[in-house]
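Overview (structure and organization)
Chain by chain, the residues run as shown.
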Amino acid sequence: MVFLHGNPTSSYLWRNIIPYVSKNYRVIAPDFIGMGDSAKPDLKYTYADQAKYLHGFLDSLDLQNAILVLHDWGAALGFHYARTHSERISGMAFMEATLPPYYPIPSLEAMGPSAEFLKNVRTAGIGEEMVLKNNVLIDQFLRYSNHEKPLSDAVIAQYNHYFPTEKSRQALLQWLREIPINGSPANVHELGIKNNKWILESEIPKLLFYISPGVLVNEATVKYMQKNAKNIETIGLGSAGHFLQEVYSDEIGQGLADWLVTKNLH
């Protein structure tokens, strides 16, 4: 099983979910380049950079019958890998993921309450001030994403310790600028279109966890996937923000374990 995190987290995101499956499966939870305990070389940290390192790492493992568990940018990278290496993949579970029909994002306005934030962080100078200097992505967005239950000081400190300086946060800022909105960046937009088509048509078993109201995955997306995606099951978890793993770790872990049994994935 391969667990892929998103922005601005690391493999630490999966710490309370992995124990539900680690007794019966080999579990791999990498940190993306420039994130977590991975090195922070002098890169632009574009999607292409991230895919090169992550997909190269996964290739080096010679995976067979792998089950992917995906979140946020980990979903985009994971869907991309599964589409181009489908012979290696036997199942996919995902949450708050890059899914049709609302990804790639048609416009800033389509992001609703997040539109102004995305506009600002994608603006030269302003984004650097917000993400690199003021660390809003971790200290505000991540900490308060689950509004009724802010993350504790200890948990935020763990997420923060990977990014002690402004320079070390470059990957976090670039991820925000790689979100395909209104066709840009073009390469990420095109990959999203290709991934969407494959996700819907592939017979690989799929499990979608969702929360309400959702950030990347809203009610309309869930209904669309239920209607159009082949071999998919869905599990609703209740109210939470984008980082649902911090609220529903037990439910996700048990849901994964049960799904693996019913689908005979081993």
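Residues numbered from 1 in each chain as written. Predicted model: local features only at pLDDT ≥ 70, side-chain atom pairs only at ≥ 80, totals over all residues. Heavy atoms only, no water.

1. Points about the UniProt feature "domain: AB hydrolase-1" (unreviewed entry) in the protein
Quick note on the threshold: UniProt positions are given in the numbering used here, feature names are shortened, and annotations may be inferred rather than shown by experiment. Labels follow the DSSP assignment, with helices taken as runs of H or I lasting at least four residues and strands as runs of E lasting at least two, numbered in each case from the N terminus.
UniProt marks residues 1–246 with the feature "domain: AB hydrolase-1" (unreviewed entry), using the numbering shown here. Structurally, residues 1–246 comprises 37% helix and 13% strand, and the distance from its first C-alpha atom to its last is 20 Å.

2. Quick notes on the pairing of strand β5 (residues 232–240)
We count it as follows: Strand pairing is assigned whenever DSSP detects at least two bridges linking the two strands. Assignment of crossover handedness uses the view with strands pointing away from the viewer, where a clockwise path from the first strand over the helix to the second indicates a right-handed crossover.
Pairing of strand β4 (residues 206–213) with β5, which is carried by seven bridges, proceeds in the parallel orientation. Across the sheet, the residue bridging to P213 is A240, located in β5. Handedness of the β4-helix α9 (residues 219–228)-β5 crossover: right-handed.

3. Notes on the sheet that holds strand β1 (residues 2–4)
Consider a sheet: its strands pair through backbone hydrogen bonds, and that pairing is either parallel or antiparallel. The line we're drawing: Only the stretch in contact is used when a helix axis is fitted, and all axes are lines through C-alpha atoms; the angle between N-to-C directions ranges over 0 to 180 degrees. Contact between two residues is taken to exist if any of their heavy atoms lie within 4.5 Å; hydrogens are not considered.
Spatially, β1-β2-β3-β4-β5 is the arrangement adopted by the five strands of the open sheet, whose pairing is parallel. One side of each edge strand has no neighbouring strand; the edge strands of this open sheet are β1 and β5. Strand-to-strand twist across the sheet, computed as the mean angle between neighbouring axes with direction ignored, equals 15°. Of the pairings in the sheet, the one linking strand β3 (residues 89–95) to β4 comprises four bridges and is parallel in character. Across the sheet, F94 pairs through a bridge with L208, a residue of β4. Where helix α10 (residues 249–262) meets the sheet, it contacts β1, β2 (66–71), β3, β4 and β5, and its direction lies at approximately 155° from that of β4.

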